[in-house]
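Structural overview
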Amino acid sequence: MRSASSTPQARKHLGQHFLIDPNIVRKIVACAMLRPEEPVLEIGPGRGALTRPLCGAVRRVTAIEIDYRLATHLKETLADCPNLDIKTGDALEYPYHTLPQGTVVVANLPYYLSTPLLFKLLESRSRISRMVLMLQTEVANRLVAKPATPDYGVLSVLIQQLTDPAREFKVAANCFRPRPAVGSSVIKLAVRPQGRAHLSVADQDSFVETVRAAFSHRRKTVGNSLRDAGLPPKELSEALALAQLDSTRRAETLTVHEFGALADALVMLGAIQRPSLSISRT
Ligand code: SAM
C-alpha cells in the first residue's frame, strides 16, 4: 500500500478533479460497453480511477497524461497492468491518425480542453468507433440540443453531423476531489465517419463554414447572416431555393440535414470557394 504523501496533489490549472466514487467509475466503464479486443484510449488518466478497470476490460489501453508527476505515479501504481501504455504529453498534440481502427475513447476530460479536444479527435474519426466522455453539463447540453432550443448552436450542429450524441447521466460534484465548481455529465458519442448529412470530405469544410456563418448573428435570418458573411446574394438565393429553405428562417431552426443541403447547394453554385476553415477551428 502506498502512502498518501506519494500521491501528487491536484493542479487546478490542469483541470484535475479526480473521480472518487467507485459507483460512477463502474457506470462510466459499463456505458462504454467494451469488448476485450477493442483498443481503448484514455485521455487524462490522472490517478487512475478509470484506468485500472479499463485495463481489466480490454486487452490494450493507451493513456495520455500531461502531468509527468501523475504519469510517473501511475506507472508505479499500475505496474501490474502490462496491457497499459502510458504516454506523457499534451493530448492536443497526440497523433490520433495513428490510433488503431475501432478505438474507443473513454475520458473524464479536463473541462478547459474538452471542446478543442473533441474536434481534434473528430479529425481522426475514421479510427474511432465511439467516445464516452465526462464533460461540463453546459457543454453536454449543447452537444445534444435539438433545433429551436436555446442550447442549439454551432457546436450542436457540428457534433451531430459527425456523431450520434446521447446524454447518459449527471455526476454530482461530491463524486470528485477536489469538487468542480460546475456541473458534470457523461455523454456517449457514436461516431459517424461519413457524417449524418453525407457530405464529401471537402464539403465537410464548407458545411462548417456555412454553419458558422449562419449562426454568426443569432437574431438575424439565415439569409441575412450568410449575406453579411460575404456570400454573393444571387447565388445565396438560388442555394436557399435549391435546398428548399425559406430565407427568413433563423439558423437555430435548421436541422443538420438542412445545413447539409444548404452547404451542398452553396458549393455547387460556387458561392463558397474551396473552404479555408477546418473543423478544428470551431
Ligand atoms: N481520469 C482521472 C479521473 O477520472 O479521476 C482524472 C480526470 S481529471 C478531470 C483530468 C486529467 O487530465 C488530469 O489528470 C489532468 O492532468 C489531465 N490533463 C489536463 N490537461 C491535459 C492535456 N492537455 N493532455 C493530457 N492530459 C491532460
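Whatever comes next refers back to the structure up there.
Scope of this entry: the structure provided in the associated data block. (Residues numbered from 1 in each chain as written. Predicted model: local features only at pLDDT ≥ 70, side-chain atom pairs only at ≥ 80, totals over all residues. Heavy atoms only, no water.)

A separate point is the environment of tyrosine 68. Considering the arrangement of structural elements, one finds tyrosine 68 in helix 3 (residues 68-77). With a relative accessible area of 55%, tyrosine 68 lands in the exposed category. Placed 20 residues apart in sequence, tyrosine 68 and threonine 88 show a C-alpha to C-alpha distance of 6.2 Å. (Helix = DSSP H or I, 4+ residues; strand = E, 2+ residues; numbered from the N terminus. Buried < 20%, exposed > 50% of the residue type's maximum accessible area, 1.4 Å probe, protein only.)

Let's shift gears to the packing of helix 4 (residues 114-123) against helix 6 (residues 154-162). Each pair of packed helices can be summarised by the angle the axes make with each other and by the distance between the axes. Orientation of helix 4 relative to helix 6, taken along the N-to-C sense of each, is 30°, at an axis distance of 11 Å. In terms of their interaxial angle, helix 4 and helix 6 are classed as roughly parallel. As for how helix 4 packs across helix 6, the hand of that crossing is left-handed. On the side of helix 4, the interface is formed by Thr115, Leu118, Phe119 and Leu122, while helix 6 contributes Leu155, Leu158, Ile159 and Leu162. Counted by class, the contact of helix 4 with helix 6 contains 7 nonpolar, 1 polar and no charged residues. (Axes fitted to C-alpha atoms, helices over the stretch in contact; angles between N-to-C directions. Parallel < 35°, antiparallel > 145°, perpendicular 65-115°, else oblique. Left-handed = near helix turned anticlockwise from the far one by under 90°. Contact = heavy atoms within 4.5 Å. Nonpolar A, V, L, I, M, F, W, Y, C, P; charged D, E, K, R; others polar.)

Right, let's talk about unusual backbone geometry for a bit. For the bond from arginine 177 to proline 178, the omega torsion is -10°, close enough to zero to count as cis. With a phi close to 45°, methionine 33 is a non-glycine residue in the positive phi region. Locating methionine 33 in the fold gives a position in the loop between helix 1 (22-32) and strand 2 (40-43). Located in the positive-phi region is alanine 148, a residue other than glycine, with phi close to 65°. For alanine 148, a relative accessible area of 56% translates into the label exposed.

In the vicinity of the ligand lie 23 residues, with Gln16, Leu19, Gly44, Glu65 and Tyr112 positioned nearest. Isoleucine 66 places a polar main-chain atom, nitrogen or oxygen, 3.4 Å from a nitrogen atom of the ligand. Within the side chain of tyrosine 112, a nitrogen or oxygen atom sits 2.8 Å from a nitrogen atom of the ligand. Contact with the protein chains covers 99% of the free accessible surface of the ligand, which is 600 Å². Looking at the shell around the ligand, the elements with two or more residues in it are strand 1 (18-19) and strand 3 (61-65). A breakdown of the residues in the shell around the ligand according to their chemical character gives 13 nonpolar, 7 polar and 3 charged. (Near = heavy atom within 4 Å. Polar contact = N/O pair within 3.5 Å; in protein donor to acceptor, adjacent residues only side chain to side chain. Areas by Shrake-Rupley, 256 points an atom, 1.4 Å probe, with all protein chains shown as cover.)

Close contact between helix 9 (residues 233-242) and helix 10 (residues 256-268) brings their axes to 8 Å; oriented N to C, the two are set at 135°. As the angle between them shows, helix 9 and helix 10 are arranged oblique. When you trace helix 9 past helix 10, the crossing you get is right-handed. Side by side, helix 9 and helix 10 meet where Leu236, Ala239, Leu240 and Leu242 of the first sit next to Leu262, Ala265, Leu266 and Met268 of the second.

Let's shift gears to the sheet that holds strand 3. Judged by pairing direction, the sheet is mixed, and its 7 strands sit side by side in the order 4-3-2-5-6-9-7 without closing on themselves. Each edge of the open sheet carries a strand with a single partner, namely strand 4 (84-88) and strand 7 (163-171). The mean angle between the axes of side-by-side strands here comes to 20°, regardless of whether they run parallel or antiparallel. Bridge count between strand 2 and strand 3: 4 bridges; the pairing is parallel. Pairing of glutamate 42 across the sheet is with alanine 63, part of strand 3. Of the strands in this sheet, strand 7 and strand 9 (184-191) are in contact with helix 6, which crosses strand 7 at around 115°. (Pairing = 2+ DSSP bridges.)

What follows concerns the environment of serine 237. Mapped onto the secondary structure, serine 237 falls in helix 9. The exposure class of serine 237 is partly exposed, given its relative accessible area of 42%. Placed 130 residues apart in sequence, serine 237 and alanine 107 show a C-alpha to C-alpha distance of 44 Å.

Attention now goes to the nonpolar core. In a soluble, globular protein the nonpolar side chains are often hidden away together inside. Formed by 60 residues in total, the largest nonpolar core has its most connected members in Ile43, Tyr96, Met131, Phe259 and Leu262. When residues of this core are assigned to their parent elements, the largest contribution, 6 residues, is made by helix 10. Beyond its immediate chain neighbours, meaning those up to four positions away, tyrosine 96 contacts Leu41, Ile43, Ile64, Ala91, Leu117, Lys120, Leu121, Ser124 and Arg127. By size, the runner-up hydrophobic cluster in this structure holds 31 residues, among which are Leu19, Ile28, Val40 and Ala63. (Core = buried A, V, L, I, M, F, W, Y, C linked by side-chain atoms within 4.5 Å.)

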